Amino acid sequence: MTNRIAFQGEPGAYSHEACRNARADMEALPCRTFEDVIESVRAGDADLAMLPVENTTYGRVADIHRLLPHSGLHIIDEAFVRVHINLLGVPGAKLEDIAEAHSHLVLLPQCATFLKKRGIRGRVSPDNARAAREVSEVGDIHSAALASELAGEIYGLNVLARNIEDHGDNTTRFLVMSRQADLSRRGEHGMITSFVFQVRNIPAALYKAMGGFATNGINMTKLESYMVDGSFTATQFYADIVGHPEDQNVQLAMDELQHFTTNVEILGVYPATQPRG
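Here's what I pulled together on the structure shown here.

Analysis parameters
Residues numbered from 1 in each chain as written. Predicted model: local features only at pLDDT ≥ 70, side-chain atom pairs only at ≥ 80, totals over all residues. Heavy atoms only, no water. Helix = DSSP H or I, 4+ residues; strand = E, 2+ residues; numbered from the N terminus. Buried < 20%, exposed > 50% of the residue type's maximum accessible area, 1.4 Å probe, protein only. Contact = heavy atoms within 4.5 Å. Lys, Arg positive; Asp, Glu negative; His and termini not counted. Charge placed at Lys NZ, Arg CZ, Asp CG, Glu CD. Pairing = 2+ DSSP bridges. Right-handed = clockwise from strand over helix to strand, strands pointing away. Salt bridge = Lys/Arg side-chain N within 4 Å of Asp/Glu carboxyl O. Arc of directions from axis to C-beta. Axes fitted to C-alpha atoms, helices over the stretch in contact; angles between N-to-C directions.

**Remarks on the overall build of the protein chain**
Point 1. Broken down by element type, the protein chain carries eight helices and 15 strands.
Point 2. When burial is assessed residue by residue, the protein chain has 48% of its 277 residues classed as buried.
Point 3. Considering only contacts in the protein chain between residues 6 or more positions apart, those separated by 24 or more positions represent 75%.
Point 4. Each charge class in the protein chain can be summarised by its mean position, and for the 25 positive and 35 negative side chains these summaries are 4 Å apart.

Spelled out as structure tokens, the structure:
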């Protein structure tokens, strides 16, 4: 056991914060890409992977659903990070000193009101944690980074303004993945089963495939479609349902699903970290 959990990005990224929150006892291992995260677990360099799948502001994370079925990993948990954005400056800098703020392209618009009010120019960086690192390395009191407090701690920056995002509900959902599946019943808010499937080429196949979940009273909390191998005619679906594969109603629904699909693959069974109404 390496006791490591891998994430995409530089130290101080929000994915790093998710690792800290969900697996505080593990060493966080930064990786350049999502593929590198998955490979680090497959190769045994890390025990777990922390992968973002969706954000309340920007929707699903590109490419993740495409990678999951072929990853060889299993979902064993989920985690949520409330994305708090902070203005971080070098020691000695004051809020009135800041002329420009560096961060990822998706973070800058979320702080537009604050930046405009203060007359601060936004500057695009490939990664918010990288922006914090580079601001620290340059040491200019007129430059700041928009990033997490964790990034500030890692790179020795001070919080000049805290939680400056325009909207107070920006949250990212992450999946924790392992080489081994865990089918045990656990958690306080029930179990989630995640799976992918492709429908057969027959009329109303998706409607018929979903019918078993409705008739058996199963709450489907997520249904995403995406193309397979770049083809407009081959569509795969990703779904989350409330329930365990051993529940009788789930078994009945999955049996019915099999009649209208070419393949079904369960990606993981894990406890819901918040109630699914």
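Resuming the write-up.
**Examining the pairing of strand S1 (residues 4-8)**
Point 1. Taken together, the five bridges between S1 and strand S2 (residues 27-31) define a ladder with parallel strand orientation. Note on S2: the bridge partner recorded for Ile5 is Ala28.
Point 2. You can see the chain leave S1, run along helix H1 (residues 14-22) and come back into S2, and the turn it takes is right-handed.
Point 3. In this structure, S1 lies alongside strand S3 (residues 48-55), joined through three bridges in parallel fashion.

**Some points on the pattern of salt bridges**
Point 1. Under the defined criterion, the tally for this structure stands at 19 salt bridges.
Point 2. Residues Glu224 and Arg60 are paired through a salt bridge, measuring 3.1 Å at the closest nitrogen-oxygen approach. Separated by 164 residues along the polypeptide, Glu224 in strand S13 (residues 220-228) and Arg60 in strand S4 (residues 59-60) bring together distant segments of the chain.
Point 3. Judged by relative accessible area, which is 17%, Glu224 ranks as buried.
Point 4. A salt bridge links Arg173 to Asp240; its shortest N-O distance comes to 3.0 Å. Placement of the pair is Arg173 in strand S11 (residues 171-178) and Asp240 in strand S14 (residues 231-242), with a sequence separation of 67 residues. Exposure class is identical for Arg173 and Asp240. Each is buried.

**Things to note about helix H5 (residues 128-138)**
Point 1. Among all positions in H5, only Asn128, Ala129, Ala131, Ala132 and Val135 are buried. Seen along its axis, H5 keeps its buried residues to an arc of 155 degrees; they face one direction. Residues of H5 that are exposed and point more than 90 degrees away from the buried face comprise Glu137 and Val138.
Point 2. Against the buried residues of H5 lie H1, strand S6 (86-89), strand S7 (100-103), strand S9 (143-147) and helix H6 (149-155).
Point 3. Backbone geometry just downstream of H5 places Gly139 in the positive-phi region, at approximately 75 degrees.

**What to know about the sheet that holds S7**
Point 1. Taken in spatial order, the five strands line up as S8-S7-S9-S6-S10 in an open sheet, and their pairing is mixed. The open sheet has two edge strands, strand S8 (121-124) and strand S10 (158-161), and neither has a second partner. Pairwise comparison of adjacent strand axes, ignoring direction, gives a mean angle of 40 degrees for this sheet.
Point 2. Bridge count between S6 and S10: three bridges; the pairing is antiparallel. If you follow Leu88 over to S10, its bridge partner there is Val159.
Point 3. Contacting S6, S7 and S9, H5 runs over the sheet at an angle of about 155 degrees to S9.

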